[in-house]
Amino acid sequence: MSFPNGFLWGAGTSAYQIEGHHGRGESVWDVFCRRPGAIEGGGDGSRACDSYLRWREDIELIKELGLRAYRFSTGWSRVMPDGTHADPKALDHYERFVDALLEAGVEPVLTLNHWDMPATLTWAERSTVNAFAAYTEPVAGRLADRVTWWITQNEPWIIALLGFQLGLHAPGVADLGTAVKAGHHVLLGHGAAADVLHTHAGVKAACALSLFPCDPATDSEADWAAAAGSDGYVNRWYLDPLLGDGYPDDMREHWERALGHDLGFIRDGDEAAIGSRSDFLGINYYTRRVMAAAPPNPFPWRVVGPSGDVARTDEGWEIHADALRDLLIGLSRRFPGTPLMITENGGVFGDAPTHDGLVHDNRRVAYLRDHVQAVRAALDAGADVRGYLHWSLMDNFEWALGYRPRFGLVHVDHATGVRTIKDSGRYYAQLISGGGTAPDLPRIEAFG
Ligand code: FCB
C-alpha cells in the first residue's frame, strides 16, 4: 500500500478545544459554556489540554508519532480579542509554534476559524465577513511565508445547523432563517479570507466541509428522493457554491418553501465572491446518513439509520470506511482538478489506561486501518487525495459534549493534563514510517 511521495500524514486539533484560556479574548464559546445545561458535565474550554502553555510537549508528541502534517487553528478570539485589533503576543505565539513544527519537518495546516470567534461577532451579521477578512490579514501577514496549507472555515453546515438552527453550539440560536443566512455569511467569509490569502504567493486556501454521504433506507423512489434532498441540504448546498457552480436550485426551492420567502440575503455577485477560490477541498468525514421520506419538518426527509447490528463508535456513529472511499471517488469525478485533503476523520472510543499503564484502543486502530485503506482505494481509482489528517491528535474539549468523548491518538488525563500515546498512536506512527502499509496490531502483554 504505497502512497504518493509527500502525502500529508497527520492529525488535527483546534484552538478552543486544546489551548485553554491563558489571556485570550472572550469568545462565543466562553459565553455559550456559561449557559446552564449547554455543556454535558458543565465543562468549558478555560483549561482544556493547556496546550497554550504545553505546546512544546505537543510538538514532542507530534514528533514521536512521526506526523508529516499537523492541523491546528489560530484562536480568532486570541489573535483579535476585541474583534478588531490584533494582539502581537498572540501572533508571536503562533509564529513560534509554526517555526517549531517546520523545524521538526512537519507541514502546518492552519485553520483560521475553528468556531472560537470573538464574542462581539456573529455570523448572523453580514459585516462579520469583513471582520473575518480583517483577522485573516495579520495572521497571513505573519505566517503566509511559512504556511502553505490554509483552511478558512471549518464546517459551515455544522456552524449553521448546531449554532443557529438547533442552538446546540455557540452562539445558541434556534431559528431556521437565521441559520441559512449565517451559513451564507460563513461561505462569503471563506471567499473574503481566500482573497486575502491569495495576495501571498504560493498559499493554498480551502474550506473544510463536514460531508455526510446520504443513502436511501430502501429502494423506493421516495427514499431515493429523500437521500438526494438530504445530500442537497448537508453537502451540495456548500460544495456547489464553493467549487464554482453556485447554490443548487433544488435546495434553494426547499429553503424558500420551508421559510416562506426568498433568500434575499444572497445578493447579486455573492456566488461569484464564494466560488473559484479554493485551491483544494478539505473533507471532514465521520459517518453517513441513511434517509427515508417523511412529512416535511422542515424538509420531506428524515435520518432513520443505520439501525441494527452495524459497527459503531462509542458515540453510536456507524463506522463505514467504504463510504469514505466512494465519497472521494465521487468528488474527484464531479470536481476534477480540485485536490482533496481529509482534514478530519476519527471516532469516539473511550479507552483509558489499563493494567500496564497503556491505552489499548484496538477499535480506533481498526478504524484508522480501514479508513486509510479506503483512501488508498480512492487513490487507486484516480482520486487526487493529498493528505489524511486524523481527528484528533489528543483527547480534548468536544464542544457541547464536554470532555466525555475521546477522539485522540493520545490520551489526556483531564485532571492532570498528562498525555499518554495510545496504541492507535503507536500504530499510526508505524503506518506512517512504512509509507502507509498497515503494520501488525500492537501487542498487549497479558495481565498477571
Ligand atoms: C467536527 C469538528 C471538530 C470535532 C469533531 C469530532 O465537527 O470540526 O472540532 O469536534 O467534529
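Up top is the structure.
Residues numbered from 1 in each chain as written. Predicted model: local features only at pLDDT ≥ 70, side-chain atom pairs only at ≥ 80, totals over all residues. Heavy atoms only, no water.

Draft legend 1. Spatial organisation of the overall build of the chain. Counting its secondary structure elements, the chain contains 14 helices and 13 strands. Relative to the 2.2 N^0.38 estimate, which gives 22 Å for 448 residues, the radius of gyration of the chain is 21 Å and therefore close to what a compact globule would have. In terms of overall dimensions, the chain has a C-alpha envelope of 65 × 55 × 45 Å along the principal axes. Counting every position in the chain, which comprises 448 residues, the buried fraction comes to 60%. Contacts spanning at least 24 positions in sequence make up 75% of the contacts within the chain whose residues lie at least 6 apart. Total accessible area on the chain is roughly 16800 Å²; 50% of this is exposed by carbon and sulfur atoms. When the 40 basic and 59 acidic side-chain charges of the chain are each reduced to a single mean position, those positions are 2 Å apart. (Helix = DSSP H or I, 4+ residues; strand = E, 2+ residues; numbered from the N terminus. Rg over C-alpha atoms; globule rule 2.2 N^0.38 Å. Buried < 20%, exposed > 50% of the residue type's maximum accessible area, 1.4 Å probe, protein only. Contact = heavy atoms within 4.5 Å. Areas by Shrake-Rupley, 256 points an atom, 1.4 Å probe, with all protein chains shown as cover. Lys, Arg positive; Asp, Glu negative; His and termini not counted. Charge placed at Lys NZ, Arg CZ, Asp CG, Glu CD.)

Draft legend 2. Representation of the site of the ligand within the structure. Inspection of the region around the ligand gives Q17, H114, W115, N154, E155, Y286, E344, W391, E398, W399 and F407 as its neighbouring residues. Contacts to the ligand include E155, whose side-chain N or O atom sits 2.5 Å from an oxygen atom. W399 places a side-chain nitrogen or oxygen 3.0 Å from an oxygen atom of the ligand. Isolated, the ligand exposes 290 Å² of accessible area, and the fraction of that covered by the protein chains is 94%. Across the shell around the ligand, the residue classes break down as 5 nonpolar, 3 polar and 3 charged. (Near = heavy atom within 4 Å. Polar contact = N/O pair within 3.5 Å; in protein donor to acceptor, adjacent residues only side chain to side chain. Nonpolar A, V, L, I, M, F, W, Y, C, P; charged D, E, K, R; others polar.)

Draft legend 3. Geometry of the packing of helix α8 (residues 176–197) against helix α10 (residues 249–259). Running from N to C, α8 and α10 point in directions that differ by 150°, and their axes come no closer than 10 Å. Note on packing geometry: the crossing formed by α8 with α10 is left-handed. The residues of α10 that touch α8, namely those facing L176, G177 and V180, are W255, A258 and L259. Grouping the constituent residues of the contact of α8 with α10 by class yields 5 nonpolar, 1 polar and no charged. (Axes fitted to C-alpha atoms, helices over the stretch in contact; angles between N-to-C directions. Left-handed = near helix turned anticlockwise from the far one by under 90°.)

Draft legend 4. Structural view of the pattern of salt bridges. For the coordinates displayed, the defined rule picks out 36 salt bridges. R363 serves as the salt-bridge partner of D351, at 4.0 Å between the closest nitrogen and oxygen. Here D351 is found in the loop between β10 (340–344) and α13 (362–380), whereas its partner R363 is found in helix α13, with 12 residues between them in sequence. Here the salt bridges do not stand alone but share partners, grouping D92, E95, D99, R142, D145 and R146 into one network. (Salt bridge = Lys/Arg side-chain N within 4 Å of Asp/Glu carboxyl O.)

Draft legend 5. Up close: the packing of helix α5 (residues 88–103) against helix α6 (residues 128–143). Running from N to C, α5 and α6 point in directions that differ by 40°, and their axes come no closer than 10 Å. Of the possible angle classes, the one that applies to α5 and α6 is oblique. The chirality of how α5 crosses α6 is right-handed. Two secondary-structure elements touch here, α5 through P88, L91, D92, Y94, E95 and V98 and α6 through P138, V139, R142 and L143. Among the residues making up the contact of α5 with α6, the classes are represented as 7 nonpolar, no polar and 3 charged. (Parallel < 35°, antiparallel > 145°, perpendicular 65-115°, else oblique.)

Draft legend 6. Fine view of the sheet that holds strand β1 (residues 8–12). Read around the barrel, 8 strands follow the order β1-β2-β3-β4-β5-β7-β10-β11 and close on themselves; strand pairing throughout is parallel. Here the average twist between neighbouring strands, direction ignored, is 25°. Summarising the sheet, β1 and strand β2 (residues 69–73) pair through 3 bridges and their orientation is parallel. Looking across to β2, one finds that G12 is bridged to R71. Along the sheet face, helix α12 (residues 321–334) touches β7 (281–284), β10 and β11 (385–391) and points at about 140° away from the line of β10. (Pairing = 2+ DSSP bridges.)

Draft legend 7. Quick look at the packing of aromatic side chains. All told, the structure shown has 37 aromatic pairs when counted by the stated rule. On the basis of an interplanar angle of 65° and a centroid distance of 4.6 Å, the ring pair of F3 and W9 is categorised as edge-to-face. Its relative accessible area of 3% is what places W9 among the buried residues. Judged by centre distance (6.1 Å) and plane angle (10°), the rings of Y70 and F72 are stacked. Grouping residues by exposure puts Y70 and F72 together as buried. One cation-aromatic arrangement involves K204 over W149; the distance from NZ or CZ to the ring centre is 5.7 Å. When the ring centre of F3 is taken as origin, the NZ or CZ atom of R376, which lies over that ring, is 5.3 Å away. (Phe/Tyr/Trp six-rings, centres within 6.5 Å; stacked < 30°, edge-to-face > 60°. Lys NZ or Arg CZ within 6 Å of the ring centre and 35° of its normal.)

Draft legend 8. Examining the state of the cysteines more closely. Under the counting rule described, the total for this entry stands at 0 disulfides. In this model C33 remains outside any disulfide bridge; the closest cysteine sulfur is found in C49, 14 Å from its own. Overall, the relative accessible area of 11% leaves C33 in the buried class. Here C207 is not cross-linked by a disulfide; its sulfur's nearest cysteine counterpart is in C214, at 18 Å. According to the relative accessible area criterion, C207 is buried, its value standing at 1%. (Disulfide = S-S within 2.5 Å.)

Draft legend 9. Focus on the environment of I319. As for its position among the elements, I319 is in the loop between β9 (301–305) and α12. Overall, I319 belongs to the partly exposed group, its relative accessible area being 23%. Sequence separation of I319 and I62 is 257 residues, and the distance between their C-alpha atoms is 26 Å. Once residues lying within four places of it in the same chain are set aside, the contact partners of I319 are A311, R312, T313, F349, Y367 and H371.

Draft legend 10. Region of interest: the nonpolar core. Formed by 133 residues in total, the largest nonpolar core has its most connected members in W29, W123, W150 and V375. The biggest single contributor to this core is α8, with 12 residues. Ignoring sequence-local partners within four residues, the contact set of W29 consists of Y16, I39, W115, H169, A170, F397, W399 and A400. The next biggest cluster of nonpolar side chains, apart from the first, holds 10 residues, and it includes L8, W149, A206 and A208. (Core = buried A, V, L, I, M, F, W, Y, C linked by side-chain atoms within 4.5 Å.)

Draft legend 11. Main features of the sheet that holds β9. Within the open sheet, the 3 strands sit side by side as β6-β8-β9. Their pairing is mixed. At either margin of the open sheet sits one strand with a lone partner, and together these are β6 (214–216) and β9. Adjacent strand axes in the sheet meet at a mean angle of 50°, parallel and antiparallel pairs treated alike. Bridge analysis of β6 against strand β8 (residues 289–293) gives 3 bridges, and the strand direction is parallel. Bridge pairing in β8 places C214 opposite R289.

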